[in-house]
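Survey of secondary and tertiary structure
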Amino acid sequence: MTDNGSDNGKQRRMSGGKPSAPKRGRKTKKMDKSNATRMMTHKVKTARGRKMSSKLWIERQINDPYVKEAAIKGYRSRAAFKLIELDDKFDLIKPGYRIVDLGCAPGGWLQIAQKRGASEIVGIDLLEVEAVPDVDILEMDFMHDDAPEKIKELLGGDPDLVMSDLAANTTGHRNTDHLKTIALVEAAAEFAMETLRPGGNFVAKVFQGGTEGELLARLKASFKSVRHAKPKSSRAGSPEIYLVALGFKRRKRKEEARDK
Ligand SMILES: C[S@@+](CC[C@H](N)C(=O)[O-])C[C@H]1O[C@@H](n2cnc3c(N)ncnc32)[C@H](O)[C@@H]1O
């Protein structure tokens, strides 16, 4: 586990790994019967009326070490571990930073940004988010015309980091879901390029295959480096990966954009 309880002490590996098993050593207690029970994989009986897919989801949640670890550490989501790993590897969050979290509910990334020293944090989501002390939360669509101005006003300036863990509600129809996701990633990238201060960073969830060609080319032209990474805490079966764009070069002036 990269998060060893002191989040300010970043580790430079994408080890991110599963919550570590107790080290075998003199101090390790002999496993008693109650411990053994706790470590068993739990199966959920298929209740009448419960769909197989929801039974599997519940089973996966119960047996997921990151879900357990998030509960122990008081994180609102297992997604918190993904940001921990990404930050350990790419040094995204620095003390004093102004950070925007697009699609912040239920708030795991907000908690990590705060623990790692950001001074101003604004989260935005379509859903209501339980308050996080000293964090501003907007309940609105980040694609709304007013969103960039509202966010900047709350931050007190241009963001140093735009983070996006946005996920569209899935319809179950593969192509539709893929298109919805691409639209969100593109909008998040636009948002970042419109608001970031020069030198700022952008991290966003994208899906397998990485960032689409045209967008990738624009990001490469606008940032010093563009990488993709899959944190260990991202489920192996999930098509999600993360785009990390570092060192925003400069904002396109409105006139330049119009001339194109
Ligand atoms: C995977 S969750 C984010 C989890 C979060 N990073 C955490 O650590 O708790 C994705 C969120 O994106 C939000 N979302 C999707 N489209 C949005 C939009 N257009 N504007 C704002 N939020 C949006 C969803 O409501 C959902 O809460």
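Here goes a summary of the coordinates provided.

Cut-offs applied
- Residues numbered from 1 in each chain as written.
- Predicted model: local features only at pLDDT ≥ 70, side-chain atom pairs only at ≥ 80, totals over all residues.
- Near = placed C-beta within 6 Å.
- Helix = DSSP H or I, 4+ residues; strand = E, 2+ residues; numbered from the N terminus.
- Nonpolar A, V, L, I, M, F, W, Y, C, P; charged D, E, K, R; others polar.
- Buried ≥ 20, exposed ≤ 12 C-beta atoms within 10 Å, placed from the backbone.
- Right-handed = clockwise from strand over helix to strand, strands pointing away.
- Core = buried A, V, L, I, M, F, W, Y, C linked by C-beta atoms within 7 Å.
- Contact = placed C-beta atoms within 7 Å.
- Axes fitted to C-alpha atoms, helices over the stretch in contact; angles between N-to-C directions.
- Parallel < 35°, antiparallel > 145°, perpendicular 65-115°, else oblique.
- Left-handed = near helix turned anticlockwise from the far one by under 90°.
- Pairing = 2+ DSSP bridges.

**A word on the site of the ligand**
Near the ligand you find 23 residues, and of these Ala79, Gly103, Ala105, Gly108 and Asp165 are the closest. For the shell around the ligand, the secondary structure elements donating two or more residues are helix 4 (79-90), helix 5 (108-115) and strand 2 (120-125). Class assignment of the residues belonging to the shell around the ligand gives a composition of 15 nonpolar, 4 polar and 4 charged.

**Digging into the pairing of strand 1 (residues 98-102)**
For strand 1, the tally of buried residues reaches 5 of 5 residues, placing the bulk of the element in the interior. One crossover worth recording links strand 1 to the parallel strand 2 by way of helix 5, and it is right-handed.

**Details of the nonpolar core**
Ala80, Ile99, Leu102, Trp109, Val162, Ala188 and Ala204 are the most contacted members of the largest nonpolar core, which totals 53 residues. If you tally residues by element for this core, the top one is helix 7 (residues 174-195), at 7 residues. Not counting residues within four places of it along the chain, the set of residues in contact with Ile99 comprises Ile93, Ala113, Ala118, Ile121, Pro159, Asp160, Leu161 and Met163.

**What to know about the packing of helix 4 against helix 5**
Geometrically, a packed helix pair is captured by the angle between its two axes and the distance between the axes. Closest axis-to-axis distance for the helix 4/helix 5 pair is 7 Å, and the angle between their directions is 40°. The angle between helix 4 and helix 5 places the two elements in the oblique class. Along this stretch, helix 4 crosses helix 5, giving a crossing that reads as right-handed. Between helix 4 and helix 5, the residues in contact are Ala79, Ala80, Leu83 and Ile84 and Gly108, Trp109, Gln111 and Ile112, respectively. Its residues assigned to classes, the contact of helix 4 with helix 5 comprises 6 nonpolar, 2 polar and no charged.

**Observations concerning the sheet that holds strand 4 (residues 161-164)**
The strand order across the open sheet built from 7 strands is 3-2-1-4-5-7-6, with neighbouring strands paired in mixed fashion. At either margin of the open sheet sits one strand with a lone partner, and together these are strand 3 (136-139) and strand 6 (223-229). Taking each pair of neighbouring strands and ignoring which way they run, the sheet shows an average axis angle of 15°. Across 4 bridges, the pairing between strand 1 and strand 4 is parallel. Looking at strand 4, one finds that Ile99 is bridged to Leu161. Against the sheet, helix 6 (residues 147-155) contacts strand 1, strand 2 and strand 3, and its axis sits at roughly 150° relative to strand 2.

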